[in-house]
Amino acid sequence: MTTDKNLEWELEEGLPQVEDPFIQQYLKGRDALITEEQKRRHDATFRRTLSPIAAQACRIVSQIRAREHNEVWTAGLDPATAHQSDEILYPGVMFHHAKGQMENTKLWKIVEKMPKGSLLHAHIDAMFDIDFLLDQAFSTAGMHIAAPAPLITPQDYETAPFMFRFSSQSHSSSDQPAIWSEKYEPLTLIPLQTAASSFPNGGEAAFREWVKSRCMIMPEHSYHHHHGVDAIWAIFKRTFTVINSILMYEPIFRACFRRMLGQLAVDGIRYVEFRIVLNPLYRREGSDEAEPDRVEFCRVFEEEVERFKETEEGKNFYEARIIWCSLRSLSNQEIVESMKQCISIKEQFPDLICGYDLVGQEDAGRSLVDLVPLLFWFKKRCAEEGQDIPFFFHAGETLGDGDAADQNLFDAVLLGTRRIGHGFSLFKHPLLIDLIKEKKILVECCPISNEILRLTSSIKSHPLPAMLSRGVPVSLSNDDPAILGHGKNGLTHDFWQALQGLENVDLAGLAMMVQNSIRWSCYEDQSTAEWKAEVGEGILGEGLKAARLREWHSDFEKFCEWVVLEFAEFDDDE
């Protein structure tokens, strides 16, 4: 604020004052320019239709965010010496640095309670709490561990393959060499409790921590951006082998899946589409042999979802469906075999399978243009079998600019994908942005995943704001929360990161992305024409999506009422 002495000096020097008409004219022009740009944002229409109570809630949430920016994320830190502090704090700080603080903030409490619609991009085998998964392994009779070679060196503990497996036969022997011994016979099954108790330097407690470290990307891994994307993907891919060897035993899967559905429902999620590369290791309870196909897994999946919906905690849960996935690194023959299984499972479980995708690291895997002949064959085969299985392609999950992975975006659009997974490099393509808006294709954005897999250093440098400012339809997803270190299932972490780190994403911005998740959900099978019509009609339509949008809108209004009552003291306009 200008003091009397400073004002006197400014007037003597002839400096213009804010109150001067020509400065006021400039400021009005500036405000008009900002307003004009905001009309092009993804949430412009939604924002104009906010009820008074929702507008008040949005204002309160923005006030709380502003206070927490000052009181939580920059409190007591001198910018000149902040880099010397062990506690790294600033609005939009890297996820793992923020995680311990964020869950104790008022903003977290608000976002946690928000109704979040649909979770559209989530890989099921990367969603189960690792501690609970290990608890199930230890409490399930017959669980063993094996490895192709003894695990001895520090490098073995960090990268060497090993697996869990159920066996109905007892393999316990007092003179049996431990898996940690040079005398261990490759692939010999060792009872889990025996292996854990004999784990070097710490026994079972240390064993659990070690297995957990092999099932997750640890915080320090995400910080080492100088190692590049390929290096962290190598760690990422190794986690799935270990997790699936535990998870793909029926009683363990049932217990973990039941718990996970409960966590999603508590977080305000009412519908999920899981991406699954259906694992050939799945075993029924008590069976030593893996199932020859994916039928039994799908039966159990459907059964557990129906059971959950009949419980008190699942009474408002709509459904969970599967997007069938093939690994993009496989051969033509292997991908075609996966496609045949997808069509077969769709025939047997018509309400379960809702789409098809190719997964795995885009930079290292086969591009969509390379797979075009297979994808046309798949569509032809679906038509012959009387099936319509739409595409939901991963595309643009890359730092590339014009390389094969980046150009997957072009093929995804041309092949008729209904949504794009990640779309991280989309902001570099103005023509594609216009096409995606015209064709009503949703981008499934996973900000924390993109950060931990080294595509961006933090939410502050994520391309999400560039897409939102251009009016691209986006929903937020959590991708692989257990492996990435979220610590809980749901969308609150990703919602919080976007809200806290991006000034233009306020509560209304989050709400618009929730509405998008509902509009682009596959609640039921639809032709391309039916799909586009319902997406276009939105809440004004007469179909299932419109009905569920109206249900969400009612829930959102109740949530906004809670915000206004719970945090009334933060409304500076009162």
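Residues numbered from 1 in each chain as written. Predicted model: local features only at pLDDT ≥ 70, side-chain atom pairs only at ≥ 80, totals over all residues. Heavy atoms only, no water.

**Let's talk about the sheet that holds strand β6 (residues 319-327)**
No. 1: Spatial ordering of the open sheet is given by β1-β5-β6-β7, a layout of 4 strands whose pairing is parallel. Both edges of this open sheet fall to β1 (117-123) and β7 (353-359), since each of them pairs with a single strand only. Going from strand to strand, the sheet's axes swing by 25° on average, the running direction of each strand aside.
No. 2: Pairing analysis gives 6 bridges linking β6 to β7, with the strands arranged parallel. Counterpart to tryptophan 324 in the pairing with β7 is tyrosine 356.
No. 3: Of the strands in this sheet, β1 and β5 (269-276) are in contact with helix α13 (residues 250-266), which crosses β5 at around 135°. (Pairing = 2+ DSSP bridges. Helix = DSSP H or I, 4+ residues; strand = E, 2+ residues; numbered from the N terminus. Axes fitted to C-alpha atoms, helices over the stretch in contact; angles between N-to-C directions. Contact = heavy atoms within 4.5 Å.)

**Notes on the pairing of strand β3 (residues 163-166)**
No. 1: Only one face of β3 is covered, namely the face carrying Phe164 and Phe166; the face carrying Met163 and Arg165 is uncovered.
No. 2: Where strand β2 (residues 143-146) meets β3, 4 bridges bridge the pair, whose relative direction is antiparallel. Along β3, the bridge assignment pairs methionine 143 with phenylalanine 166. (Buried < 20%, exposed > 50% of the residue type's maximum accessible area, 1.4 Å probe, protein only.)

**Here we look at the pairing of β2**
Within a regular strand, the side chains alternate between the two sheet faces.
No. 1: Where burial is concerned, the two faces of β2 agree: the one with Met143 and Ile145 and the one with His144 and Ala146 are both buried.
No. 2: As defined by bridge partners, β2 adjoins strand β4 (residues 190-191) across 2 bridges and the pair is classed as antiparallel. Bridge pairing in β4 places isoleucine 145 opposite isoleucine 190.

**What about the UniProt feature "domain: Adenosine deaminase" (unreviewed entry) in the protein chain?**
No. 1: Under the UniProt annotation, "domain: Adenosine deaminase" (unreviewed entry) lies at residues 233-530.
No. 2: Taken end to end, residues 233-530 is 48% helix and 13% strand, and its two terminal C-alpha atoms sit 38 Å from one another. (UniProt positions renumbered as here; feature names shortened; annotations may be inferred.)

**Looking at the packing of aromatic side chains**
No. 1: Inspection of the entire model under this criterion finds 38 aromatic pairs.
No. 2: By way of ring pairs, the aromatic residues Phe138, Tyr157, Phe162, Phe164, Trp180, Phe199, Phe207 and Trp210 are connected into one cluster.
No. 3: Sitting over the ring of tryptophan 562, lysine 113 keeps its end group 5.2 Å from the ring centre.
No. 4: Over the face of the ring belonging to tyrosine 523 we find arginine 548, whose NZ or CZ atom lies 4.5 Å from the ring centre. (Phe/Tyr/Trp six-rings, centres within 6.5 Å; stacked < 30°, edge-to-face > 60°. Lys NZ or Arg CZ within 6 Å of the ring centre and 35° of its normal.)

**Observations regarding the layout of surface pockets**
No. 1: A volume near 1100 Å³ is recorded for the largest pocket.
No. 2: The wall of the largest pocket is formed by 50 residues, among which Phe240, Asn244, Val277, Asn279 and Leu327 lie closest to the centre.
No. 3: Elements represented by at least two residues in the lining of the largest pocket include exactly β2, β3, α12 (229-247), β5, β6 and α15 (332-348).
No. 4: Looking at the lining of the largest pocket residue by residue, the classes come out as 24 nonpolar, 14 polar and 12 charged.
No. 5: Size it by volume and the second largest pocket reaches roughly 570 Å³.
No. 6: What lines the second largest pocket is a set of 22 residues, among which His42, Thr45, Met512, Asn516 and Arg519 lie closest to the centre.
No. 7: Looking at the lining of the second largest pocket, the elements that each hand over two or more residues are α3 (44-48) and α23 (507-519).
No. 8: Looking at which element gives the most residues to the lining of the second largest pocket, the answer is α23, with 4 residues. (1 Å grid on protein atoms, 1.4 Å probe; cavity = no way out; pocket = protein on both sides within 12 Å on 5 of 7 lines; lining within 4 Å. Points joined across faces, edges and corners; volume = space filled by probe spheres on them. Nonpolar A, V, L, I, M, F, W, Y, C, P; charged D, E, K, R; others polar.)

**A word on the nonpolar core**
Generally speaking, soluble globular proteins have nonpolar side chains that are buried together.
No. 1: One finds Phe207, Phe274, Phe301 and Tyr356 to be the most contacted residues of the largest nonpolar core, which totals 176 residues.
No. 2: Counting residues per element, this core draws most heavily on α12, at 10 residues.
No. 3: Ignoring any residue separated from it by four or fewer positions in sequence, one finds tyrosine 356 in contact with Ile323, Trp324, Ser326, Ile335, Met339, Cys342, Leu375, Phe378, Ile389, Pro390, Phe391 and Phe392. (Core = buried A, V, L, I, M, F, W, Y, C linked by side-chain atoms within 4.5 Å.)

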